[in-house]
Amino acid sequence: MTTPIYNFSPGPALLPPEVLQQAAAEMVNWHGSGMSVMEMSHRGKEFMSILESAQRDLRTLLNVPSNYKILFMQGGALAENAIIPMNLVGRVSPQPATIDFIHTGAWSGKSIKEAAKYAKVNVAASSEGQKFQTIPDRALWQLSKDAAYLHICSNETIDGLEYHFTPDVGDVPLVADMSSHILSRVIDVSRYGVIFAGAQKNIGPAGLTIVIVREDLIGHALPYCPSAFDWKIVADNDSMYNTPPTYAIYIAGLVFQWLLRQGGVAVMEQKNIAKAALLYDYLDSTNFYRNDVAKDCRSRMNAPFFLRDESLNDAFLAGAKEAGLVQLKGHKSVGGMRASIYNAMPIEGIEALLAYMRKFADKNA
Ligand SMILES: *Cc1c(COP(=O)(O)O)cnc(C)c1O
């Protein structure tokens, strides 16, 4: 028997083995069409059926209300940081508009930098002074009076923080970068103006960006917004204004079907709670390792952790790899280790990680 490999990559990340096996079986000849999905016209009836099922299944999984569009775009979450202001700041006056941000880590930081090219930016709250170990209390946010929107990163992939609440922001559209935890927990889409996510963390291959946007926020793009990034043009053309990332959409669709077979997002959420609790409970029980994030802000998807003796980092990673536990190295800006435990990570992966961590701690104590 070969040791199973557990992949803790933050992204591109692991996919459910069943999905990869199905994709492999269908790779050269999709459903008897004689074609790979990669070889099909995006306007042919075969691919149209793939796109429609993927959109329908995502709508079901997240219970997306009928007054929201689901767009399949490209450019990643980072491009969306520019696409969002180009589509939203034109809605308000006076110009230049103000965008409110909550700064909780690396990804919201990048969003702030990008948006500043298109509007005035107001950092309404920041935990930079706390080294991004916490999410600023909602009561302390200094929101502007007439912001075009409020942007949050609801799961900071690098710093390991997650919003376990949906902030109430009145009539201002709430925009959330959910790249690294979309579909990991139940959300009330109606509380958001825009939800966006790069696919490569918890959905599928890189190249696909999911945008879920309320209809009244569509149709306000600035004149210089590229057509392929104008939500109205994308929506009016059912995400087919230009060639969409067809193969990535196909794989994402298989992941959506897999999630439905698991019982949907509520079932995944319970599993994710159990997986994260197992890992954090262990981290809190030992002095050998530590996680510094405030307990009520810890991410269920991305758990950074540190060895007390950092000179053992290389030995830890080498031993982990030998034990079949790969891609555990922390982000260079944070250091240490990071275990990303997305939907496709079974609890057996966490158990294997903890068994290794215990053994390593005993040997090096
Ligand atoms: C990975 C990530 C991004 C960047 O996504 P790209 O697809 O590389 O542009 C942005 N935000 C969050 C929260 C992420 O995890």
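Preceding block: the structure.
Residues numbered from 1 in each chain as written. Predicted model: local features only at pLDDT ≥ 70, side-chain atom pairs only at ≥ 80, totals over all residues. Heavy atoms only, no water.

Visitor: What exactly am I supposed to notice about the overall build of the protein chain here?
Guide: Within the protein chain one finds 9 helices and 14 strands. Counting all 365 residues of the protein chain, 55% fall into the buried class. The contacts of the protein chain with a sequence gap of at least 6 include a subset with a gap of at least 24, amounting to 67%. For the protein chain, the computed accessible surface area is about 15700 Å², with 52% contributed by carbon and sulfur atoms. (Helix = DSSP H or I, 4+ residues; strand = E, 2+ residues; numbered from the N terminus. Buried < 20%, exposed > 50% of the residue type's maximum accessible area, 1.4 Å probe, protein only. Contact = heavy atoms within 4.5 Å. Areas by Shrake-Rupley, 256 points an atom, 1.4 Å probe, with all protein chains shown as cover.)

Visitor: Would you take a moment to explain the packing of aromatic side chains for this structure?
Guide: For any pair of aromatic rings, geometry is given as the distance between the ring centres together with the angle between the planes. Scanning all chains against the criterion turns up 13 aromatic pairs. Relative to Phe 165, the ring of Tyr 163 lies with its centre 5.3 Å away and its plane at 40°, an arrangement referred to as tilted. Accessibility expressed as a relative area gives 33% for Phe 165, which makes it partly exposed. Seen in terms of ring centroids, Phe 305 and Phe 316 are 6.0 Å apart; in terms of plane orientation they differ by 80°. Their pairing is edge-to-face. Here the residue Phe 305 occupies a position in strand 12 (residues 302–307), and Phe 316 occupies one in helix 8 (residues 313–322), the gap between them amounting to 11 residues. Residue Phe 305 is classed as buried on the basis of its relative accessible area, which comes to 0%. Judged by its relative accessible area of 0%, Phe 316 is buried. Joined through ring pairs, the aromatic side chains of Tyr 282, Phe 288, Tyr 289, Phe 305, Phe 316, Tyr 356 and Phe 360 make up one cluster. (Phe/Tyr/Trp six-rings, centres within 6.5 Å; stacked < 30°, edge-to-face > 60°.)

Visitor: Please explain the sheet that holds strand 4 (residues 120–126) as it appears in this structure.
Guide: Hydrogen bonding along the main chain pairs the strands of a sheet, whether they run parallel or antiparallel. Spatially, 7 strands are ordered 2-10-9-8-5-3-4 in an open sheet, and the strand pairing comes out mixed. The sheet is open, and its two borders are formed by strand 2 (68–73) and strand 4, each paired with just one other strand. Strand after strand, the sheet turns through a mean of 20° between neighbouring axes, direction not considered. Sheet topology note: the strand 2/strand 10 (residues 209–214) ladder contains 6 bridges and is antiparallel. Bridge assignment links Tyr 68 to a residue of strand 10, and that residue is Arg 214. Against the sheet, helix 4 (residues 106–115) engages strand 3 (98–103), strand 4, strand 5 (149–153) and strand 8 (174–177), with an angle of about 160° to strand 3. (Pairing = 2+ DSSP bridges. Axes fitted to C-alpha atoms, helices over the stretch in contact; angles between N-to-C directions.)

Visitor: How should I be thinking about unusual backbone geometry in this particular structure?
Guide: Across the chain, the bulk of peptide bonds are trans and the bulk of non-glycine residues have phi less than zero. In this structure, Pro 94 follows Ser 93 across a cis peptide bond, with omega equal to 0°. Along the polypeptide, Pro 94 turns up in the loop between helix 3 (76–88) and strand 3. Cis geometry marks the peptide bond from Gln 95 to Pro 96, where omega comes out at -5°. Checked against the element boundaries, Pro 96 lands in the loop between helix 3 and strand 3. Its identity is not glycine, yet Phe 132 carries a phi of approximately 55°, on the positive side.

Visitor: Just checking my understanding: could you explain the packing of helix 2 (residues 45–62) against helix 6 (residues 246–262) for this structure?
Guide: Packed helices, taken two at a time, are described by their axes: the angle between them and the distance between them. Remark: helix 2 packs on helix 6, axes separated minimally by 9 Å, with the N-to-C direction vectors making an angle of 45°. Here helix 2 is positioned oblique relative to helix 6, judged by the angle of their axes. Read as a crossing pair, helix 2 and helix 6 show a hand that is left-handed. Only Thr 246, Ile 249, Tyr 250, Gly 253, Phe 256, Gln 257, Leu 259 and Leu 260 of helix 6 make contact with helix 2, whose side of the interface consists of Phe 47, Ile 50, Leu 51, Ala 54, Asp 57, Leu 58, Thr 60 and Leu 61. (Parallel < 35°, antiparallel > 145°, perpendicular 65-115°, else oblique. Left-handed = near helix turned anticlockwise from the far one by under 90°.)

In short, shape yes, function no, at least from these values alone.
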